[in-house]
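Spelled out, the chains give:
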Amino acid sequence: MEFSEHIKTANVEDVVLRRPFYQPTKGTLCVTGHHLIFSNRGGDSARPFLLLLRNIDAIEKRPSVSSGTITLKCKDLCVLQLDIPGMEECLNIASSIESLSSLETVSEMYPFFYRPPFLSLQDQWGLSSTEQHYAQMKEIHDGWRVSQVNRDYSVSPSYPPAVIVPHSIDDETLVKAARFRQGGRFPVLCYYHRETGTVIMRSSQPLSGANRKRCREDELLLQAVIDGSELGYIIDTRSSQQAQQARMTGGGFESKSCYRGWKRLHRQLEKGKVLQESLIKLVEACGDQSHSVDRWLSKLENSKWLSHVQTALSTAGLVAECVERDGHSVLVHGSEGTDTSLLVSSLAQLILDPDSRTLAGFLGLLEREWVQAGHPFQQRCAHSAYSHVRLRHEAPVFVLLLDCVWQLARQFPLAMGFSEPLLLRLAKEVYASDYGTFLCNSDQERCVTGVKERTHCLFQSLLRANERQHYSNPLYERTELAIWPSIQPPSLQLWKGLFLQWTDDALHLVEAQKVIQNLVSQCHRPLNEKVENTDG
Amino acid sequence: SERKVENVRLIDTVTSRRASVGTLYLTATHTIFVENETEILTETWVLHSLVFSVEKQASTTTGCPLLVRCKNFQVLQFVIPQERDCHDVHVSLLHLSRPEHYEELYCFSYNANSDREDRRKAWDFINLKAEYSRMGLPNHLWKLTPANHHYKVSDTYPADLYVPKSATPPVIMGSSKFRSRGRFPTLSYYYKENHAAICRSSQPLSGFSARCLEDEQMLEAIVRSNPRSDFMYVVDTRPKLNAMANRAAGKGYENEDNYSNIKFHFVGIENIHVMRNSLQKMLEVSEAHFPSMSYFLEGLESSGWLKHIKAVVDAGVFITKAIAEEGISVLVHCSDGWDRTAQVCSVASVLLDPYYRTLKGLMVLIERDWVSFGHKFSHRNNHLNGDPKEVSPVIDQFLECVWQLSEQFPCAFEYNERFLITIHHHVYSCQYGNFIGNNQKERTELGLQEKTHSLWTYLWKNRTDYINPLYRPDHSQTQGVLRPLTAPYCFKFWGALYNRFDRGIHPRQSVMEYLMAIREETQQLEEQLASHEMKILNVEKQQKKSVNLETNMFDRSPAVWASPPSNSSVGLANTPGDYSGLGGFLKSPYQQKEPENSLLILPWPQELRKPTDPDLSTNGDDQESGIAGLSCLSPPNEESAKDPDSDETAYSAA
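Residues numbered from 1 in each chain as written. Chains lettered and ligands numbered in written order. Predicted model: local features only at pLDDT ≥ 70, side-chain atom pairs only at ≥ 80, totals over all residues. Heavy atoms only, no water.

K.L.:
Mind showing me how you'd approach the overall build of chain B here?
P.N.:
In terms of helices and strands, chain B carries 23 helices and 14 strands. For chain B, buried positions account for 61% of its 654 residues. Excluding contacts between residues fewer than 6 apart, the proportion of contacts in chain B whose partners are at least 24 apart in sequence is 71%. When the accessible surface of chain B is split by element, carbon and sulfur atoms take 52% of a total near 26300 Å². (Helix = DSSP H or I, 4+ residues; strand = E, 2+ residues; numbered from the N terminus. Buried < 20%, exposed > 50% of the residue type's maximum accessible area, 1.4 Å probe, protein only. Contact = heavy atoms within 4.5 Å. Areas by Shrake-Rupley, 256 points an atom, 1.4 Å probe, with all protein chains shown as cover.)

K.L.:
What is the right way to read the overall build of chain A from this model?
P.N.:
Looking only at helices and strands, one finds 19 helices and 14 strands in chain A. Against the 2.2 N^0.38 benchmark of 24 Å for 536 residues, chain A shows a C-alpha radius of gyration of 25 Å, consistent with a compact globule. Judged by the C-alpha coordinates and their principal axes, chain A covers about 75 × 70 × 55 Å. Among the 536 residues that make up chain A, the fraction classed as buried is 62%. If you take every contact in chain A between residues at least 6 apart in sequence, the share linking residues at least 24 apart comes to 70%. Charge-centre separation for chain A: the mean point of 57 positive side chains lies 4 Å from the mean point of 62 negative side chains. (Rg over C-alpha atoms; globule rule 2.2 N^0.38 Å. Lys, Arg positive; Asp, Glu negative; His and termini not counted. Charge placed at Lys NZ, Arg CZ, Asp CG, Glu CD.)

K.L.:
Please clarify how the sheet that holds strand E13 (residues 262–266) of chain A should be interpreted in this entry.
P.N.:
Whenever strands of a sheet pair, they do so through backbone hydrogen bonds, lying parallel or antiparallel. Residue and element names in this part refer to chain A. Within the open sheet, the five strands sit side by side as E10-E11-E14-E12-E13. Their pairing is mixed. Looking at the sheet topology across the chains shown, the edges are occupied by strand E10 (188–193) and E13. The average angle at which neighbouring strand axes cross in this sheet is 20°, direction not considered. Bridge count for E10 against strand E11 (residues 198–202) is five bridges, and the pairing is antiparallel. If you follow Val-188 over to E11, its bridge partner there is Arg-202. Each of E11, strand E12 (232–236), E13 and strand E14 (329–333) is contacted by helix H4 (residues 216–226), which is oriented at about 100° to E13, the strand it contacts most. (Pairing = 2+ DSSP bridges. Axes fitted to C-alpha atoms, helices over the stretch in contact; angles between N-to-C directions.)

K.L.:
Looking at this structure, how should I read the environment of Asp-76 of chain A?
P.N.:
Residues and elements named next belong to chain A. Considering the arrangement of structural elements, one finds Asp-76 in the loop between strand E6 (67–74) and strand E7 (79–85). For Asp-76 and Ser-356, which are 280 residues apart along the polypeptide, the C-alpha to C-alpha distance reads 26 Å. Within polar-contact distance, the side chain of Asp-76 engages the backbone nitrogen of Cys-78 at 3.1 Å. (Polar contact = N/O pair within 3.5 Å; in protein donor to acceptor, adjacent residues only side chain to side chain.)

K.L.:
What should I look at first to understand unusual backbone geometry in this one?
P.N.:
Phi is mostly negative for residues that are not glycine, and the peptide bonds are mostly trans. That bond from Leu-137 of chain B to Pro-138 of chain B is cis: its omega, -5°, falls within 30 degrees of zero. Along the chain, Pro-138 of chain B turns up in the loop between helix H3 (128–135) and strand E8 (142–145). Positive phi, normally seen in glycine, also occurs at Asp-14 of chain A, with a value near 55°. By the secondary structure assignment, Asp-14 of chain A is in strand E1 (residues 11–18). A residue is classified by how much of its surface remains accessible, and Asp-14 of chain A, at 33% relative accessible area, is partly exposed.

K.L.:
Please clarify how the sheet that holds strand E3 (residues 30–35) of chain B should be interpreted in this entry.
P.N.:
All names here are of chain B. Spatially, seven strands are ordered E4-E3-E2-E1-E7-E6-E5 in an open sheet, and the strand pairing comes out antiparallel. Each edge of the open sheet carries a strand with a single partner, namely strand E4 (43–47) and strand E5 (51–56). Ignoring which end each strand starts from, the neighbouring axes of this sheet average 30° apart. Across three bridges, strand E1 (residues 3–11) lies against strand E7 (residues 75–80) in antiparallel orientation. Bridged to Leu-10 within E7 is Phe-78.

K.L.:
I'm lost on the nonpolar core in this one. Help?
P.N.:
In a soluble, globular protein the nonpolar side chains are often hidden away together inside. Among the nonpolar cores identified, the biggest contains 233 residues, and Leu-347, Leu-426 and Phe-499 of chain A together with Ile-366 of chain B are the most heavily contacted of them. Every residue in contact with Leu-426 of chain A, bar those within four places of it in the chain, is listed here: Phe-362, Leu-366, Phe-398, Leu-402, Phe-438, Leu-458, Phe-459 and Leu-462 of chain A. If you look at the next biggest cluster of nonpolar residues, it comprises 27 residues, including Ile-7, Val-12, Cys-78 and Leu-103 of chain A. (Core = buried A, V, L, I, M, F, W, Y, C linked by side-chain atoms within 4.5 Å.)

K.L.:
Just checking my understanding: could you explain the confidence of the model for chain B for this structure?
P.N.:
Detail in the predicted coordinates should be disregarded across regions flagged by low pLDDT. All names here are of chain B. Scored by pLDDT, chain B has a mean of 82; 82% of the residues are at 70 or more. Scored below 50 in pLDDT, residues 546–573 makes 47 contacts in the model with residues more than four places away or belonging to other chains. Here residues 582–654 scores under 50 on pLDDT; set against residues more than four positions off or in separate chains, the count is 185 contacts. Under the prediction, the complex receives an ipTM of 0.91, its pTM being 0.88. (pLDDT = per-residue confidence, 0-100.)

K.L.:
Could you clarify how one ought to interpret empty space enclosed by the protein in this entry?
P.N.:
Residue and element names in this part refer to chain A. Following the criterion strictly, the structure yields eight cavities of 30 Å³ or more and no others. When its residues are assigned to classes, the lining of the largest cavity shows 17 nonpolar, five polar and three charged. In this structure, the second largest cavity spans a volume of roughly 180 Å³. Around the second largest cavity sit 16 residues that line it, and Thr-130, Leu-189, Arg-202, Arg-368 and Glu-369 are the ones nearest its centre. Considered class by class, the residues forming the lining of the second largest cavity number ten nonpolar, three polar and three charged. (1 Å grid on protein atoms, 1.4 Å probe; cavity = no way out; pocket = protein on both sides within 12 Å on 5 of 7 lines; lining within 4 Å. Points joined across faces, edges and corners; volume = space filled by probe spheres on them. Nonpolar A, V, L, I, M, F, W, Y, C, P; charged D, E, K, R; others polar.)

K.L.:
Please explain a nonpolar patch on the surface as it appears in this structure.
P.N.:
Together, Phe-21, Tyr-22, Trp-502 and Leu-507 of chain A line one region of the surface with nonpolar side chains, adding up to about 380 Å² of accessible area. Relative to the helices and strands, Trp-502 of chain A resides in the loop between helix H18 (496–499) and helix H19 (504–534). (Patch = residues over 30% accessible without salt bridge, like charges linked within 9 Å, V, L, I, M, F, W, Y side chains within 5 Å. Salt bridge = Lys/Arg side-chain N within 4 Å of Asp/Glu carboxyl O.)

K.L.:
Quick question: what am I supposed to make of the packing of aromatic side chains here?
P.N.:
The geometry of an aromatic ring pair is captured by the separation of the ring centres together with the interplanar angle, meaning the angle of the planes. All names here are of chain A. Tallied over the full model, the rule gives 41 aromatic pairs over all chains. Seen in terms of ring centroids, Trp-406 and Trp-495 are 5.9 Å apart; in terms of plane orientation they differ by 15°. Their pairing is stacked. Linking Trp-406 in helix H12 (residues 397–411) with Trp-495 in the loop between helix H17 (465–471) and H18, this pair joins segments that are 89 residues apart in sequence. Considered together, Trp-406 and Trp-495 belong to a single accessibility category, that of buried residues. (Phe/Tyr/Trp six-rings, centres within 6.5 Å; stacked < 30°, edge-to-face > 60°.)

K.L.:
Please clarify how the packing of helix H8 (residues 305–324) of chain A against H12 of chain A should be interpreted in this entry.
P.N.:
Helix-helix packing is characterised by the crossing angle of the two axes and by the distance between the axes. All names here are of chain A. Where H8 meets H12, the closest approach of the two axes is 10 Å, and the angle between their N-to-C directions is 70°. Judged by the inter-axis angle, H8 sits roughly perpendicular to H12. Contact with H8, carried on its side by Trp-305, Leu-306, His-308, Val-309, Ala-312 and Leu-313, involves Val-399, Leu-400, Asp-403, Cys-404, Gln-407 and Leu-408 of H12 and no other residues of that element. (Parallel < 35°, antiparallel > 145°, perpendicular 65-115°, else oblique.)

K.L.:
Is there a simple way to explain helix H13 (residues 394–408) of chain B in this structure?
P.N.:
Residues lying three or four places apart along an α-helix face the same way, a consequence of the helix completing one turn every 3.6 residues. Across its 15 residues, H13 of chain B extends 22 Å between first and last C-alpha, which sits within 8% of the 21 Å expected from 1.5 Å per residue. Most of H13 of chain B sits out of view: 14 of its 15 residues are buried. (Expected span 1.5 Å × (residues − 1).)

K.L.:
What's the story with the pattern of salt bridges in this structure? I'm lost.
P.N.:
Residue and element names in this part refer to chain B. Following the criterion strictly, the structure yields 49 salt bridges over all chains and no others. Salt-bridge contacts for Asp-353 lead to Arg-134; the nearest nitrogen and oxygen are separated by 3.1 Å. Of the two residues, Asp-353 sits in the loop between helix H10 (340–352) and helix H11 (359–372) while Arg-134 sits in helix H3, which places them 219 residues apart along the sequence. Here Arg-179 makes a salt bridge to Glu-254, at a shortest N to O gap of 2.9 Å. Taken as a pair, Arg-179 in the loop between helix H4 (169–177) and strand E10 (186–191) and Glu-254 in the loop between helix H6 (240–247) and strand E13 (262–266) lie far apart in primary sequence, 75 residues in all.

K.L.:
I would appreciate a short explanation of the environment of Thr-145 of chain B in the present structure.
P.N.:
All names here are of chain B. Structurally, Thr-145 can be placed in strand E8. The spacing of Thr-145 and Thr-186 is 41 residues in sequence and 9.9 Å in space, taken between C-alpha atoms. In this structure the side chain of Thr-145 is engaged in a polar contact, spanning 3.0 Å, whose partner is the backbone nitrogen of Ala-147.

K.L.:
Please clarify how the UniProt feature "coiled-coil region" (unreviewed entry) in chain B should be interpreted in this entry.
P.N.:
Mapped onto the present numbering, the UniProt feature "coiled-coil region" (unreviewed entry) falls at residues 515–542 of chain B. With 100% helix and 0% strand, residues 515–542 of chain B has its two end C-alpha atoms placed 39 Å apart. (UniProt positions renumbered as here; feature names shortened; annotations may be inferred.)

Dropping the structure here:
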């Protein structure tokens, strides 16, 4: 298909662009297959303003006789306005944007066309594979192995080709256990805690159904994890009522009698539509210009966003506590095992594991626990908070993760190797990106569509020297200790950097970050080196 | 006379689970709790003047609980074995915390033996004459008037006041008779860039129709003292309804028809009673144990506290715009002109003038707009046993406004949050003489400068603790006028103050502390560098002579923040919170142990933790407080009782 079919008017002169932090400017607007390009004719800044069409969440047009106004509400929460001379041009531009921004064919998306000079398609796509990850963890080699049982994605379409499972469980058992788990997502290892020798695993719900079906192989698999003698915890991210109801539709939970030694706890985490609506309400509240504190706090409360943050951190804290304090292994799952389970398991790892708190470690965690583990990014992030389109599978689970990570970093400002700008960058990239990392819903889809051959990997790009500098936390001082977040309401704050990033308030905070950066890197560190050089 | 009760338990009010056993002492000035059987001496000191309320609760089998709430938001719950002892402690503490006379206050006995002359001199550190001359006064527009010498015009005003050059003694006298408590319009802040001025007064005694020619002339004189404008704003900080109600009592507000060249404006800040109740409601929310997010946000909203803070900042912004952008002078008043007026004038000053964003500047500002202009500290902050309806968190709100601004402009303030919290603490502590009494006249009569110490010199001596490491005198945020956003989302709950003793909710690591340590280390490094370079120079000079470099001279002690966690005197445990929501369900083998993995955060400076300055010492049991998350177990089947899976219960009970 040709993009030009969608472009009725490619160029319009004398368009006025209004956007946050800038004076309205007059220039030329150009629509291409993937971008809106606005260039300031003879203007001061040589660089044109570039907007990825994919970033546009909602478009509102107000045509009048001789001109028209288009308001663009973006997935990164920025709101722009274009004043376009000529009603016809206005309508043409609007309709082009509408159709081009909602193209759904993966191979037509911009990452397939983006060819930056600093990256090569020959590079390895992604940071690491299951095998490489396994190879680095020598201490688990006795008890755990890499299974290729899913090499052709036939056991679980949403799992990567290789997963880590108990040594004593063979592939045949895995295949059978997979049939007893929704989407074939049988329990796999995601984290091994060296001090206690216990693990965090994740899966989807068991398909016990109304008749309380059992699966010997699934039971064996979990038994192998706790070795029969110990205790293990299953953290179910649904309420016990929800888990009970899931049986009516073929799902279910692990009953005590079948899974000896496993104790089940329920923590209800919202997902899907509830979470999406929460984000919509929050963004609406943040954009509300009426100046009454009463309405603000009640809207903030009403969005429930911070409650979701609280529940997610608290559940992750519980998982980490089981592992680190109590010395017991944990299995996390909800229903599909592609959303809240990933949220909880990755937050628990950040709490426990200093390696996951470095810049590279954190990106590696995201790659393993979200990209490879099959979080359906394309479905979840098709639209953001402004879209008027009827919701289908959208849910900001990944944004919720980033918010929780921000809360952790706020409470432990020295413990993370990465900085707030990285989280903000990821929050933007997950919705609209030059890179292929967040395309598709699973590893299988990425293979089929050629994402790994024909697009670049965001994570690799972020680890290039100059990017690394920008996204590193200048205050970072590695700690080997667990970082236990406070989940008390006063400890959890609205993430201004994201939700209010287009206000002046955020601007002052960015300035402060720069001062901190200078303070540490320009004044302290070089001095330290100087002293060392002159010493002796 | 010292009272002593043994086997008292101090309950950790944050988790209400952990308790320590020890001995309770009541001295003339402090309540002291000394924990038994600890390797390090663990003491909790509470100054009697900081006690807000003492509540004896119903006896239980374990003893008689006594709840002590402090004005600095510390809450202590003691359980005293014998009801009789509890009764005695209760009565004594009530008596000790509510003195009848100023002379009983702590400042008169605190460090009383120090050199009289030194103490006297220390008071000169903050000098208001110097402050007015810093503003450029007196000049050809404003003059110092002797009208209130010996406090003969207004006994709540300072002796030295600045008025327009053209204001004659009869005009001042006449105007003062037409204003509540004689508080005639006088200068608070002069903006030398454009000659606009912030003036302050009390309400006029206008009733429904009364006029006063001298008062009208007084305002006219203020207009004329700003050569570039032909009118002024009169800002009444009260809600319009309140101001109108005052007219029935023969007071009220200026009639625009009677005063030529004024524009009248209400800003609607609520009165002291509304503020007192609002704080009370907010504290109930902040003290709740394990509240849900919704409970917290709803409670915060219904307390109205942030709305009131916003109202004060909004008023400050209005005045700042009038002065800096329009170049128009402003007269601010409320009823008596010592509460809302003080708030609004001082917030405007902070916004207008970078000087008030420095340590010394804030001291000067509080000294000028609050202390000298007769904010009734002893009434509002409950120093003596008095009318509870006079108590109100007025200066507290000002300090919070400054904090909210500093959160919005992190590089604009030379002082840090701790400075504001320390001032808040001492506004109530009565340890220093600065805030004793209700006006200058009272303070002079009490001989405070002869008999007590000044807080300002103490703060200045310890200023390194109060410096904001992000402050840059040359930063764009620091320069000139601050123009804050006042959208509702700019106002946050100030946990560091209102949950000051609930360490668990604070960030576990502090950026400020880290940067302060870095700054200190940078200084050390610079010194070392200089010393190394000196050495190298020496080496080069001595050339072939054998030089034995003493390496230990350069031994760089580890940075403060890098101290090992084993250093428990400064370490604060970081342990899991209550993630299970039911007070812990896990049977942890680690629960009785000291947290091995405590993560260090920097505590308050040692200076403040020493018993020599006991009022600021925090609960000594900080090192262990976090363990409470696991230490009290609810029945293990509590969770599974609700479980639909029937055989689960059987397992859990086993």
